[in-house]
Amino acid sequence: MPLHIPPAPAPALRSVLAALSSPTAVRDARTPALQSVQGPLSPELPLPVHVLDHVTPVDRAASDAGRTPRTRLTGWRFVIRSGDRAVAAADTMLTADGWAFSRFFEGPYITATERALRQAESLGTAYQPRLLSVPELYMLTLWLHGDTEADASAGAPAPADILVPLAPAPPGIAAHRPHRVAELLPMIGLRLSPAPLLVTPA
């Protein structure tokens, strides 16, 4: 079933187009792939990037009770294509003056995102795709939100939403294995819980 790709804010898309057309106008150099590619480049597959804030044992209990975790929008990410090939990605961020280009980058998360999107299309259910980052675990997931008409810049994962960890995933969490939010969030919380102190007898 086709995914409902949310439209990116127009200023975010314009900032990426400007960076692609005027590389000297951005602070960071283009990636090796962008420097070597021939022909036109186009930003596609816009996905909002949300961050999962501080999963703690309290949050795990809240998840078990059916409450939603805390998330916040940090940017929009675009896949940069040359023809039918993904060569890089571009991030934008929200500033005091509105949406602005942040950086170009390459790496395994680009191909992993495309793979996860193909997985999502085969699930037989319509979803709105987003990205959900867990900075403390250096973990990125494809978040498949069940409300396809929702504002992609707002909201939190519902217990029945699907999270697909992207490769490379943290040890003990299988990449590209879909999980319900209610299943994966407790696993994430356990990994972020502080280790119990060892108490030795006096």
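Refer to the structure printed above.
Read on for an overview of the structure. Sequence positions are assigned chain by chain, starting from 1 and proceeding in written order. Side-chain atom pairs in this predicted model are given and counted only at pLDDT of 80 or more, local residue features only at pLDDT of at least 70, and totals for whole chains, interfaces and linings cover all residues. Derived side-chain values reflect all non-hydrogen atoms in the structure, with water molecules and hydrogen atoms excluded from consideration.

Topic: the overall build of the chain
A helix here means a DSSP run of H or I that spans at least four residues, while a strand means a run of E at least two residues long, and both kinds are numbered starting from the N terminus. Along the backbone of the chain there are 5 helices and 8 strands. Put simply, the chain runs from its N terminus to its C terminus through helices and strands in the order α-α-β-α-β-β-β-α-β-β-β-β-α. A total of 202 residues make up the chain; the buried ones form 45% of that total. We call two residues in contact whenever any of their non-hydrogen atoms come within 4.5 Å of each other. The contacts of the chain with a sequence gap of at least 6 include a subset with a gap of at least 24, amounting to 57%. Here the open area of atoms and residues is found with the Shrake-Rupley method and a 1.4 Å probe, where only the protein chains shown may cover a residue. Element-wise, carbon and sulfur atoms account for 58% of the exposed surface of the chain, whose accessible area totals about 10500 Å². A simple rule labels every residue: compare its accessible area, found with a 1.4 Å probe on the protein chains alone, to the largest value its type can have, and call it buried under 20%, exposed over 50%, or partly exposed in between.

Examining the environment of Val-37
Here Val-37 lies in the loop between α2 (32-36) and β1 (42-52). Put simply, Val-37 and Ser-82 are 45 residues apart on the chain and 7.4 Å apart in space, counted from C-alpha to C-alpha. Once residues within four sequence positions are removed from consideration, Val-37 is found in contact with Ser-82 and Arg-85.

Description of the packing of aromatic side chains
By convention here, two paired aromatic rings are described through the distance between centres and the angle between planes. Stacked, edge-to-face and tilted are the three classes for Phe, Tyr and Trp ring pairs, Trp counted by its six-membered ring, which pair at centre distances within 6.5 Å; planes under 30 degrees apart are stacked, over 60 edge-to-face, the rest tilted. The full count for this structure, using the stated rule, is 1 aromatic pair. Ring geometry for Phe-101 against Phe-104: centres 4.6 Å apart, planes inclined by 50°, an arrangement best described as tilted. Only lysine NZ and arginine CZ atoms are considered, and such an atom sits over a ring when it is within 6 Å of the ring centre and within 35 degrees of the ring normal. Here the basic side chain of Arg-103 rests over the ring of Phe-105, its NZ or CZ set 4.2 Å away from the ring centre.

Quick notes on the side chain of Thr-31
Within the element layout of this structure, Thr-31 appears in the loop between α1 (10-21) and α2. Within the structure, Thr-31 has its side chain in polar contact with the side chain of Glu-106 (distance 2.7 Å). Once you skip the residues sitting within four places of it in the chain, Thr-31 turns out to touch Ala-88, Phe-104, Phe-105 and Glu-106. Polar contact criterion, stated in full: a pair of N or O atoms within 3.5 Å, where within protein one must be able to donate a hydrogen and the other to accept it, and residues adjacent in sequence count only if both atoms are side-chain atoms.

Observations regarding unusual backbone geometry
A cis amide bond links Ala-167 with the next residue in sequence, Pro-168, at an omega value of 0°. Along the chain, the position of Pro-168 falls in the loop between β7 (162-165) and β8 (179-180). Backbone geometry places Leu-45, a non-glycine residue, at a positive phi of 45°. Phi at Tyr-138 takes a positive value of approximately 50°, unusual for a residue other than glycine. Structurally, the position occupied by Tyr-138 is in the loop between β5 (128-134) and β6 (139-145).

Looking at the sheet that holds strand β2 (residues 71-82)
By the convention used here, strands pair only if DSSP detects at least 2 bridges between them. What the 8 strands build is an open sheet, ordered β4-β3-β2-β1-β5-β6-β7-β8; its pairing is mixed. With one partner strand each, in any of the chains shown, β4 (98-105) and β8 form the two edges of the open sheet. As paired strands, β2 and strand β3 (residues 85-95) are joined by 8 bridges and run antiparallel to one another. Of the residues in β3, the one forming a bridge with Trp-76 is Thr-92. On top of the sheet, α1 reaches β1, β2, β3 and β4; it is set at about 45° to β4, its chief contact. For helices, the axis comes from a line fit to the C-alpha atoms of the stretch in contact; other axes are also lines fit to C-alpha atoms, and the angle between any two N-to-C directions lies between 0 and 180 degrees. In the packing of helix α4 (residues 108-121) onto the sheet, the strands contacted are β1, β2, β3, β4, β5, β6 and β7, and the crossing angle to β6 comes to about 25°.

A look at the pairing of β3
In this antiparallel pair of consecutive strands, β2 and β3, the connection spans 2 residues, and Gly-83 shows a positive phi of 70°. In terms of strand pairing, β3 meets β4 through 7 bridges, oriented antiparallel. Bridge pairing in β4 links Asp-91 to Arg-103. The antiparallel pairing of β3 with β4 creates a hairpin that spans 2 residues between the two strands.

A few points about the pattern of salt bridges
For this analysis, a salt bridge means a side-chain nitrogen from Lys or Arg found within 4 Å of a carboxyl oxygen belonging to Asp or Glu. With the rule as written, the count across this model stands at 4 salt bridges. A salt bridge links Arg-77 to Asp-91; the nearest nitrogen and oxygen atoms lie 2.7 Å apart. Placement of the pair is Arg-77 in strand β2 and Asp-91 in strand β3, with a sequence separation of 14 residues. The pair Arg-77 / Asp-91 is uniform in exposure class, with both members buried. Ionic pairing is found between Asp-91 and Arg-103, a salt bridge with its closest N-O pair at 3.2 Å. Highlighted residues: Asp-91 in strand β3 and Arg-103 in strand β4, separated in sequence by 12 residues. One connected set of salt bridges, linked through shared partners, spans Glu-44, Arg-81 and Glu-114.

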